[in-house]
Amino acid sequence: MFRFLTAGESHGQCLTAIVEGIPAGLEINLDEMNMQMARRQKGYGRGGRMAIETDKVDILSGVRFGETMGDPVTLRVVNKDWENWTDRMSVMGTPTWGKVTAARPGHADYVGVKKYDRTDIRDILERSSARETAARVAAGALARQFLAACGIKIVSQVINIGGVKADTSNTDYKTLAPNDSDLNCNDAQAEAKMRAAIRDAGQAGDTLGGVFEVVVQNMPIGVGSHIQWDKRLDMQLAGAMMSIQAIKGVEIGDGFGYAEKPGSQLHDEMFYDETKNVYRKTNHAGGIEGGMSNGEPIIVRACMKPIPTLMTPLHSVDIESKQEVLACKERSDVCAVQAASVVGEAMVALTIAKAVLETFGGSCMTDLLHNIEAYTKRIKG
């Protein structure tokens, strides 16, 4: 079984993740893991917290001399800002700071204090903060190294920020490569307009959301299954993406576009060639049919809402006095769609890693790679 858990608060001592199920014998490159951590912190429109933190991954267990042993892998990301929050986030003792009582619309604040019977919103906002995604990216960086060993690659791109849309009409999803843009956008003209929109929103004390897509390349045919609802690969991917803070919509392939055209224009016809064997000229399905990968690039698209912490606060209610007030302000970003695309890559990597292990099995990389090779040989043609 492959699974992972994260723990930690936004301003606590650290964030941790435990990843269980990575086969023994996987070579780990810590520099590559930390490169993914750095990518999450990039982005035009990010807030002051990113100037404080320089996220690095410490591996505390499960790896010896650069190789996994088959044990659970424990990952830690230290919060440098903890030094400024030791009195407010102390594990023991008596609070010396005032409570946070003005809930932010669109955040977990109000619902969380009601559900968990808390009187201080900080008890909710610390864990619900997107800072938690640093642990997910650490876990995802491990998963993507496993997938790379299996020949599977994961990339992403931002295609919409604040209504400014990138032109993706000529995108070759089989060869799409990572880019160094701080908005992770491959359309330079659209990116310039995105920057302007983010700048204007920041000056107005507002925030912007957007859309990004994650692409899985070199995916074997038949990962996932049609036989039960929870084995369907598209279900697992959609759930993983919706689990990311601020994500409000997910589609695979043409997604909601299927509602606009007849089936004759949308289903991916199959052809045969002695060199290519069975192949397709289109990929409207986004690489998944009947809950299983079909060999085409998997394309998962997600919509991120504008961040609910605004520097020009919205109307709210104080949970203690019941008086109408302006929502509280926490240090935040104007736009974090680029960062969300990196988190999206991590969640897709973790989901695909689980599905690959369920399909091919193996407690060590030697057996798993042998299983993939034998399967690929069997289904060829």
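What you see is a predicted model, and the numbers here were worked out from it, not measured in a lab.

**Q** Got a minute to help me understand the pairing of strand β12 (residues 277–280) in this structure?
**A** Along a regular strand, successive side chains alternate from one face of the sheet to the other. In this structure, strand β11 (residues 270–273) lies alongside β12, joined through 4 bridges in antiparallel fashion. Bridging from a neighbouring strand, methionine 270 pairs with arginine 280 of β12. In textbook terms, the turn of a hairpin is the stretch between consecutive antiparallel strands, and for β11 and β12 this stretch comprises 3 residues.

**Q** Explanation requested: the side chain of serine 129 in the structure shown.
**A** Mapped onto the fold, serine 129 is located in the loop between α4 (122–128) and α5 (133–149). Take serine 129: its relative accessible area is 17%, and that puts it in the buried class.

**Q** What's the story with the pattern of salt bridges in this structure? I'm lost.
**A** Oppositely charged side chains may form a pair once their charged atoms are brought near each other. Scanning the model with the defined rule gives 18 salt bridges in all. Here arginine 3 ties to glutamate 20 by a salt bridge, and the two come within 2.7 Å at their closest N and O atoms. With arginine 3 in strand β1 (residues 3–7) and glutamate 20 in strand β2 (residues 14–20), the pair connects residues that are 17 residues apart, well separated along the chain. Among the residues examined, arginine 3 registers a relative accessible area of 47% and is labelled partly exposed. Across the pair lysine 354 and glutamate 358 runs a salt bridge, and its minimum N-O distance is 2.7 Å. Here the residue lysine 354 and the residue glutamate 358 both occupy positions in helix α8 (residues 337–360), the gap between them amounting to 4 residues, near one helical turn.

**Q** Sorry if this is basic, but what is going on with helix α7 (residues 233–242) here?
**A** What sets the pattern is the α-helix's 3.6 residues per turn: residues three or four places apart point alike. All of the buried residues in α7 are Leu233, Gln236, Leu237, Ala240 and Met241. Here the buried residues of α7 occupy an arc of 125° about the axis, which is enough to place them on one side.

**Q** Looking at this structure, I do not really get the environment of glutamate 67. What am I missing?
**A** The topology assignment puts glutamate 67 in strand β5 (residues 67–68). Distance from glutamate 67 to proline 23, taken between C-alpha atoms, is 9.9 Å for residues 44 residues apart in sequence. Sequence-distant contacts of glutamate 67, defined by excluding residues within four places in its chain, comprise Gly25, Leu26, Glu27 and Gly62.

**Q** I tried to follow unusual backbone geometry on my own but got confused; where do I start?
**A** Most peptide bonds take the trans form, and the phi angle of most residues other than glycine is negative. Unlike most non-glycine residues, phenylalanine 65 shows phi in positive territory, near 50°. In this structure, phenylalanine 65 sits in the loop between β4 (63–64) and β5. Assessed through its relative accessible area of 74%, phenylalanine 65 is described here as exposed.

**Q** Help me understand the nonpolar core, please; the structure alone is not making it clear to me.
**A** Counting residues in each nonpolar core, the largest one holds 79 residues, and the members touching the most others are Phe146 and Ile352. Of all the elements, α8 adds the most residues to this core, at 16 residues. When sequence neighbours within four positions are dropped, the list of residues in contact with phenylalanine 146 reads Ile22, Pro23, Leu26, Ala353, Val356, Leu357, Met365 and Leu368. With 9 residues, the next largest nonpolar core counts Val100, Ala103, Val113 and Leu125 among its residues.

**Q** Would you mind showing me how to read the sheet that holds strand β15 (residues 298–304) here?
**A** Whether parallel or antiparallel, the strands of a sheet pair through hydrogen bonds between backbone atoms. Pairing is antiparallel across the open sheet formed by 5 strands, whose spatial order is β8-β7-β9-β15-β10. Taken across any chain shown, the strands that pair with only one partner, and hence form the sheet edges, are β8 (164–165) and β10 (247–252). Two strands pair when backbone bridges link them, and strand β7 (residues 153–161) and strand β9 (residues 210–217) are joined in this way by 8 bridges, in the antiparallel orientation. Considered in β9, the bridge of valine 155 is made with valine 215. Of the strands in this sheet, β9, β10 and β15 touch α7, which is tilted by about 155° from β10.

Criteria and cut-off values
- Here the residue numbers are simple positions, counted from 1 along each chain's written sequence.
- Reporting of local features is limited, given that this is a predicted model, to residues whose pLDDT is at least 70; pairs of side-chain atoms are given and counted only at 80 or more, and all residues count toward the totals for whole chains, interfaces and linings.
- Derived side-chain values reflect all non-hydrogen atoms in the structure, with water molecules and hydrogen atoms excluded from consideration.
- Strand pairing is defined by DSSP finding a minimum of two bridges between the two strands.
- Secondary structure is summarised from DSSP: a helix means a run of H or I of at least four residues, a strand means a run of E of at least two, and numbering begins at the N terminus for each.
- To sort residues, take the accessible area from a 1.4 Å probe on protein chains only and compare it with the maximum for the residue type: under 20% means buried, over 50% means exposed, and anything in between is partly exposed.
- Here, a salt bridge means any Lys or Arg side-chain nitrogen found within 4 Å of an Asp or Glu carboxyl oxygen.
- Arc definition: it is the arc formed by the directions from the helix axis to the C-beta atoms.
- Whether two residues are in contact is decided by their heavy atoms, any of which lying within 4.5 Å being enough.
- Here, nonpolar core means buried Ala, Val, Leu, Ile, Met, Phe, Trp, Tyr and Cys residues that are tied together by side-chain atoms lying within 4.5 Å of each other.
- Here an axis means a line fitted to C-alpha atoms, over the contact stretch when the element is a helix, while the angle between two N-to-C directions is reported on a 0 to 180 degree scale.

Keep in mind that these numbers describe shape and distance, not what the molecule does.
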